[in-house]
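# Chains, contacts and geometry: an overview
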Amino acid sequence: MRRSAFVLVAAVFAFGTAAALAATDPRDEQERLRPADMALARRTTLKATDLASGWKRMTAPSEDGDSKCPGFDPDLSAFTITGKAQSVFARQGGVVFSVVEVYPTRAQASGDFRTGTKPAFAKCLRHAFETDFARGAGGTAKTMSSRMVPAPRIGERSVLYRLAGTLTVRGQTIRIYMDVLAFQRGRSITALFSTGFGGPIRGQTALARLIAARMR
């Protein structure tokens, strides 16, 4: 499978996994989008200037509202999203993807973060990797590990999930490494996805700190 195809599949997978935190059913957040908070979310997302040379911006896949994870269905209906944005960048060997949500108050952002970032979310990663990712790549995926691990201190609170697995397409197998670093500061929550082919993406903590500095 060509590297460019791996990049596209990884981007779709990352966005689908992010949508699992906020898809569309009665247990998900309400949305009352406000222009000022949409602008804040766009300013907050990962930028080309945050990255070293060699990264190319891609168009983020559209939300389809279908991402669901067996064994993980938090009730987020008490919270309201007032701004959202995403950005995705790729290079040979990997993809980085940021998803930002803004809430009306710090208390809402904190409550949503605490409710949605549980160890069971690691099951979401595994399920999405072995279904959506594999289907998009036209192959089979096998998870070696998927778990919550100690997170660096970013913003007011942060969590880190780490997945390692293999993808086999037409008899060729490659190792896939994915980190999901989520953090909350003020009224905003960001999830930073890093997907690497053959080896993990380095430097996501530094990228997260650049993003956190823009969060309000």
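Residues numbered from 1 in each chain as written. Predicted model: local features only at pLDDT ≥ 70, side-chain atom pairs only at ≥ 80, totals over all residues. Heavy atoms only, no water.

## Section: the nonpolar core
- Among the nonpolar cores identified, the biggest contains 36 residues, and Phe121, Leu125, Tyr161, Leu167, Ile176, Val180 and Phe193 are the most heavily contacted of them.
- If you list the elements that add at least two residues to this core, you get β4 (83-91), β5 (94-102), α3 (106-116), α4 (121-137), β7 (157-169), β8 (172-185) and β9 (188-197).
- Ranked by residue count, the leading element in this core is α4, at eight residues.
- Counting 17 residues, the second largest nonpolar core, distinct from the first, contains Leu181, Phe183, Ile201 and Met215. (Core = buried A, V, L, I, M, F, W, Y, C linked by side-chain atoms within 4.5 Å. Buried < 20%, exposed > 50% of the residue type's maximum accessible area, 1.4 Å probe, protein only. Helix = DSSP H or I, 4+ residues; strand = E, 2+ residues; numbered from the N terminus.)

## A look at the pairing of β9
- Of all the ten residues making up β9, ten are buried; the element is thus mostly covered by neighbouring parts of the structure.
- On β9, burial covers both faces: Ser188, Thr190, Leu192, Ser194 and Gly196 on one face and Ile189, Ala191, Phe193, Thr195 and Phe197 on the other are all buried.
- Here β5 pairs with β9 via nine bridges, running antiparallel. Bridging from a neighbouring strand, Val99 pairs with Ala191 of β9.
- As paired strands, β8 and β9 are joined by ten bridges and run antiparallel to one another. Following the sheet pairing, Met178 is matched in β9 by Thr195.
- As consecutive antiparallel partners, β8 and β9 are separated by two residues, and within that stretch Gly186 has a phi angle of approximately 60°, a positive value. (Pairing = 2+ DSSP bridges.)

## A few points about the packing of aromatic side chains
- The tally for this structure, following the rule as stated, stands at four aromatic pairs.
- A centroid spacing of 4.9 Å and a plane angle of 70° characterise the contact between Phe121 and Tyr161, whose relative ring orientation is edge-to-face. Residue Phe121 is found in helix α4, and its partner Tyr161 is found in strand β7; the two are separated by 40 residues along the sequence.
- Judged by its relative accessible area of 1%, Phe121 falls in the buried class.
- Residue Tyr161 is classed as buried on the basis of its relative accessible area of 1%.
- Taking 5.2 Å as the distance between ring centres and 35° as the angle between the ring planes, the aromatic pair formed by Phe129 and Phe133 counts as tilted. Linking Phe129 with Phe133, this pair stays in helix α4, spanning four residues, or about one helical turn.
- The class for Phe133 is buried, based on a relative accessible area of 0%.
- Ring-pair connections join several aromatic residues into one group, and the members of that group are Phe72, Phe121 and Tyr161. (Phe/Tyr/Trp six-rings, centres within 6.5 Å; stacked < 30°, edge-to-face > 60°.)

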